[in-house]
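# Topology and contacts: notes
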Amino acid sequence: MRILFIRHGDPDYANDTLTEKGHREAALLAERAESLNMGECFVSPLGRARHTADYCLKKTGKDARILSWLEEFPARVDLNRDAHLCCAYQNVRKENGLFVPKVVWDMVPSYWTEHPEYFDREGWRTSEVARCSDIVPLYDSVTENFDRFLAEHGYVRENAHYRVERASAETVTFFCHFGITCVLLSHLWSVSPFVLWHSFAFAPTSVTEVVTEERQRGTAYFRGLKLGDVSHLYAGNEPVSFAARFAEIYDDMEHRH
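The following refers to the structure shown.

Conventions we followed
- Residues numbered from 1 in each chain as written.
- Predicted model: local features only at pLDDT ≥ 70, side-chain atom pairs only at ≥ 80, totals over all residues.
- Heavy atoms only, no water.
- Helix = DSSP H or I, 4+ residues; strand = E, 2+ residues; numbered from the N terminus.
- Buried < 20%, exposed > 50% of the residue type's maximum accessible area, 1.4 Å probe, protein only.
- 1 Å grid on protein atoms, 1.4 Å probe; cavity = no way out; pocket = protein on both sides within 12 Å on 5 of 7 lines; lining within 4 Å.
- Points joined across faces, edges and corners; volume = space filled by probe spheres on them.
- Nonpolar A, V, L, I, M, F, W, Y, C, P; charged D, E, K, R; others polar.

A few words on unusual backbone geometry. Non-glycine residue Asn96 carries a positive phi angle of around 55°. With respect to the helices, strands and loops of the structure, Asn96 is situated in the loop between strand E7 (94-95) and strand E8 (98-99). Positioned with a positive phi, Asn159 is a non-glycine residue whose angle comes to about 55°. Following the sequence through the fold, Asn159 ends up in the loop between strand E10 (155-158) and strand E11 (161-164). Given a relative accessible area of 71%, Asn159 falls into the exposed group.

Our focus in this paragraph is the layout of surface pockets. A volume near 180 Å³ is recorded for the second largest pocket. If you trace the second largest pocket, you find it lined by Arg121, Glu122, Trp124, Arg125, Tyr139, Asp140, Thr143, Arg157, Ser186, His187, Ser190 and Val191. When contributions to the lining of the second largest pocket are tallied by element, the ones reaching two or more residues are helix H6 (135-152) and helix H7 (178-189). When residues of the lining of the second largest pocket are assigned to their parent elements, the largest contribution, 3 residues, is made by H6. In terms of residue class, the lining of the second largest pocket is built from 3 nonpolar, 4 polar and 5 charged.

Keep in mind that these numbers describe shape and distance, not what the molecule does.
Quick look at the structure:
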């Protein structure tokens, strides 16, 4: 089985759509759509993912089914439950005397790297951030839906690998988002999602490819072949978007956010 994770194009988050650049990126991705052999397609319910998918779907004559659990991972941390966690996040602010919730995984490296539980495949679940957020139930809900999807395609989760009930060489494609892609990959590989959230930056319209390896009959594991491929942008002389990245140099104010 082969899975493609395609991130949406350069985002206009305020309007949940694509910027002009994002539309150019999606159009260039569509030029490559036939060669991607996308198979059955699925898409996040959010506009920026659907608008990206539309280019490839129109080019290939395919349809895509919306899966609610492919939306961007929505977990938020409530800093009011432990003000000490304010040091873990940038641009903390209050409204009406209360801290505004923050994206749970968007922590600064000086915090999460000094707490070994965020590196641990199980330890992150009992971390202080987990205690003060909805990350664990949301992660479990998403990954349960993902495993149900894989079981329908012949691969049943057993501990940290998959039992092959029906071997398949099919491809499925998910048009989705950076955060949720890291969640799904962390589940496939049984690693902490924080490691992936902070160690990778999948650029807009990038393609990530994983495939099953059945080295022993009836037992499969998923292996990455491409992570964040943007060769279609290079081919079209389109610069890679900076979305999902931070400035390489702190004083680079253009890319500070």
